[in-house]
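# Tertiary structure, described
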Amino acid sequence: MICGEYKHCNISISLMCVYVCAYVCLLVLKCIGSGGCFCHCDSIKESSLELPLQIVGEEKCSVETELIRELVAFSQNKTFKMADVPKRDQENIEFVFEVLGSGDLGIDAYDLGDALRSLNLNPTLALIEKMGGSKKKKEKYIKFDEFLPIYSQVKKEKEQGCYEDFIECLKLYDKQENGTMLLAELQHALLSLGENLEDEQVETLFADCMDPEDDEGMIPYSQFIQRLMSDPVVFE
């Protein structure tokens, strides 16, 4: 009798394991197909798939959620192919890694923003941090194959200014409507608005991209924008 109960228990456990594995696979496939990710318990409970009570229990939910998150992340990394990044872009990225990289370690996450900007992208500081950038040097490193999906994602971002946007913005300071503005006003804007720069960064920027101001303190802002965008400045 005891032996029979033991066998019945083993069969039940085996069936439950098969059920759980099948369910997790379905969740992963569904998540990848929709481009989403199950990040907390509520996401699982609201899924159209039904979970057995043993899994949705609060004491086990965090474990199952973490497992699903790791499986989805692993699957997404494996399904990303180098072909998703054009060959010419890959060659440019390789060059950036030769300049900024540290051998097999890759590039310092502290330099992620500089690496992206040198590839003609314009990520905000918030986006750089979201993509894995670090505020401290030598805290972590990003390898080439890890950088490719970051580059691909940032390239798809729509909230990036272009030349025309910047020109329209600086026209607000062009009181004479002749393509010039006060250097002092541009300096004030860079130091105090949006994701503002430091004094040393502005000085470096002006030294590399700015024409000398005239006797009235005016500068041609279109040339400044052109140089800034064609040859991004890397701050020390």
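Just above, that's the structure.
Residues numbered from 1 in each chain as written. Predicted model: local features only at pLDDT ≥ 70, side-chain atom pairs only at ≥ 80, totals over all residues. Heavy atoms only, no water.

### Details of unusual backbone geometry
Within the chain, Asn-120 stands out as a residue other than glycine whose phi angle is a positive 65°. When you line up the elements, Asn-120 lands in the loop between helix H6 (112–117) and helix H7 (125–130). The residue Lys-138 is not glycine, and still its phi comes out positive at about 60°. With respect to the helices and strands, Lys-138 occurs in the loop between H7 and strand E2 (141–142). (Helix = DSSP H or I, 4+ residues; strand = E, 2+ residues; numbered from the N terminus.)

### Some details on the packing of helix H11 (residues 199–209) against helix H12 (residues 221–230)
Geometry of a packed helix pair, given as the angle between the helix axes and the separation of the axes. Contact geometry of H11 with H12 gives a least axis separation of 9 Å together with a crossing angle of 100°. Relative to H12, the element H11 lies roughly perpendicular. Facing H11, whose interface residues are Leu-205, Phe-206 and Cys-209, H12 presents Gln-223, Phe-224, Arg-227 and Leu-228. Considering only residue class, the contact of H11 with H12 consists of five nonpolar, one polar and one charged. (Axes fitted to C-alpha atoms, helices over the stretch in contact; angles between N-to-C directions. Parallel < 35°, antiparallel > 145°, perpendicular 65-115°, else oblique. Contact = heavy atoms within 4.5 Å. Nonpolar A, V, L, I, M, F, W, Y, C, P; charged D, E, K, R; others polar.)

### Comments concerning the environment of Lys-155
With respect to the helices and strands, Lys-155 occurs in helix H8 (residues 144–156). With a relative accessible area of 43%, Lys-155 lands in the partly exposed category. Not counting residues up to four positions away in its chain, the partners in contact with Lys-155 are Asp-89 and Leu-121. Reaching out from Lys-155, the side chain makes a polar contact with the side chain of Asp-89 at a distance of 2.7 Å. (Buried < 20%, exposed > 50% of the residue type's maximum accessible area, 1.4 Å probe, protein only. Polar contact = N/O pair within 3.5 Å; in protein donor to acceptor, adjacent residues only side chain to side chain.)

### Looking at the nonpolar core
Nonpolar side chains in soluble globular proteins tend to end up buried together. Counting residues in each nonpolar core, the largest one holds 20 residues, and the members touching the most others are Ile-93, Leu-112, Ile-142, Phe-147, Tyr-151 and Val-154. Of all the elements in the fold, those that place two or more residues in this core are helix H5 (87–100), H6, H7 and H8. The leading source of residues in this core is H8, at five residues. If we skip the residues at most four places from it in the chain, Ile-93 touches Val-85, Leu-119, Phe-144, Phe-147, Leu-148 and Tyr-151. Residues Leu-170, Leu-186, Ile-219 and Phe-224 belong to the second largest nonpolar core, which totals 14 residues. (Core = buried A, V, L, I, M, F, W, Y, C linked by side-chain atoms within 4.5 Å.)

### Side note on H5
Taking 1.5 Å per residue as the helical rise, H5 with its 14 residues ought to reach 20 Å, and the 20 Å between its terminal C-alpha atoms agrees with that figure. Restricting attention to buried positions, one finds in H5 the residues Asp-89, Gln-90, Ile-93, Val-96 and Phe-97. In an axial view of H5, the angular spread of the buried residues amounts to 115°, which keeps them on one side of the axis. Set apart from the buried face of H5 by more than 90 degrees, the exposed residues are Lys-87, Arg-88, Phe-95, Glu-98 and Val-99. (Expected span 1.5 Å × (residues − 1). Arc of directions from axis to C-beta.)

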